[in-house]
Amino acid sequence: MNIESTIPVALTSIGISEPEQMPAETPWGWHLVLNLYQCEPDLIGSYEIIEQFVIDLCELIEMRRFGDPIIVNFGDDPNVAGYSMFQLIETSNLAGHFANKSGAAYLDIFSCKKFDPQIATDFCIKTFKAKKAAGRFIARA
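Summary of the structure given here. Remember, it's a predicted structure, so these values are computed and weren't measured experimentally. (Residues numbered from 1 in each chain as written. Predicted model: local features only at pLDDT ≥ 70, side-chain atom pairs only at ≥ 80, totals over all residues. Heavy atoms only, no water.)

**Let's talk about the packing of aromatic side chains**
How two aromatic rings sit relative to each other is given by the distance of their centres and the angle of their planes.
Line of reasoning, step 1. Evaluation of the coordinates by the stated rule reveals seven aromatic pairs.
Line of reasoning, step 2. Between the aromatic rings of F53 and F123, the centroid separation amounts to 5.7 Å while the plane-to-plane angle is 5 degrees, which identifies the pairing as stacked. Of the two residues, F53 sits in helix α2 (residues 47–60) while F123 sits in helix α3 (residues 117–128), which places them 70 residues apart along the sequence.
Line of reasoning, step 3. The interplanar angle of 50 degrees and the centroid separation of 5.1 Å between the aromatic rings of F98 and F128 together place this pair among those described as tilted. A residue pair is termed long-range when its members are at least 10 positions apart, and F98 in strand β6 (residues 92–99) and F128 in helix α3 qualify at 30 residues. In this structure, F98 and F128 share a single accessibility class: buried.
Line of reasoning, step 4. An aromatic cluster of three or more residues is present, and its members are F53, F98, F123 and F128.
Line of reasoning, step 5. Residue placement shows R140 over the ring face of F110; its charged tip is 4.7 Å from the ring centre. (Phe/Tyr/Trp six-rings, centres within 6.5 Å; stacked < 30°, edge-to-face > 60°. Helix = DSSP H or I, 4+ residues; strand = E, 2+ residues; numbered from the N terminus. Buried < 20%, exposed > 50% of the residue type's maximum accessible area, 1.4 Å probe, protein only. Lys NZ or Arg CZ within 6 Å of the ring centre and 35° of its normal.)

Structural data, given as structure tokens:
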């Protein structure tokens, strides 16, 4: 099942599908792999925005945070320099890297508690004002 964005952003590619399940197995977890492109530089380059994004996303998809998010700005190579973030959640983790030069954000949400990938996707796109996005929603057994 393809999920279309409800945010009025010109997305050229967003291929998020309901996770496939093996016939006799219940997935151990669900993994949203999301790439955002042409994000607003002031948003992906802000510690405060990224920190609030993590807190709000966890609340929105009903994930219990374990500790504070780890957010570090680094990279000697200008092609990869930018913030990286990691947040432990009770059911696994959220991770991301924000590439300043390209304006891209690469986000992962992995949890053994099922969540709505479209709600998460829309929130990520809206927060960073991405003009393009692509992603996959995977069941992990």
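Now that the structure has been shown, the text picks up again.
**Focus on the pattern of salt bridges**
Line of reasoning, step 1. Taken as a whole and judged by the stated rule, the model has two salt bridges.
Line of reasoning, step 2. A salt bridge links E40 to K131; its shortest N-O distance comes to 3.7 Å. Remark: K131 occurs in the loop between α3 and β8 (132–140) and E40 occurs in the loop between β3 (29–37) and α1 (41–44); sequence separation between them is 91 residues.
Line of reasoning, step 3. With a closest N to O distance of 2.9 Å, E90 and R64 form a salt bridge. Taken as a pair, E90 in the loop between β5 (82–89) and β6 and R64 in the loop between α2 and β4 (70–74) lie far apart in primary sequence, 26 residues in all. (Salt bridge = Lys/Arg side-chain N within 4 Å of Asp/Glu carboxyl O.)

**Concerning the nonpolar core**
Line of reasoning, step 1. Counting 33 residues, the largest nonpolar core has L36, F53, L57, M85, F98, F115 and F128 as its most contacted members.
Line of reasoning, step 2. Counting only elements with at least two residues in this core, the list comes to β3, α1, α2, β5, β6, β7 (104–111), α3 and β8.
Line of reasoning, step 3. Residues contacting L36, with those up to four places away along its chain left out, are G103, A104, A105, L107, C124, I125, F128, A130, K132 and A133. (Core = buried A, V, L, I, M, F, W, Y, C linked by side-chain atoms within 4.5 Å. Contact = heavy atoms within 4.5 Å.)

**Describing the sheet that holds β7**
Line of reasoning, step 1. If you trace the six strands from one edge of the open sheet to the other, you get β4-β5-β6-β7-β3-β8, paired in antiparallel fashion. Each edge of the sheet is formed by a strand with only one pairing partner; in this case those strands are β4 and β8. Pairwise comparison of adjacent strand axes, ignoring direction, gives a mean angle of 10 degrees for this sheet.
Line of reasoning, step 2. Of the strand pairs in this sheet, β5 and β6 are connected by six bridges, and their pairing is antiparallel. Bridging from a neighbouring strand, F86 pairs with A95 of β6.
Line of reasoning, step 3. The sheet contacts of α2 involve β4, β5, β6 and β7, and relative to β5 the element is tilted by about 25 degrees.
Line of reasoning, step 4. Across the face of the sheet, α3 comes into contact with β3, β6, β7 and β8 while running at roughly 25 degrees to β3. (Pairing = 2+ DSSP bridges. Axes fitted to C-alpha atoms, helices over the stretch in contact; angles between N-to-C directions.)

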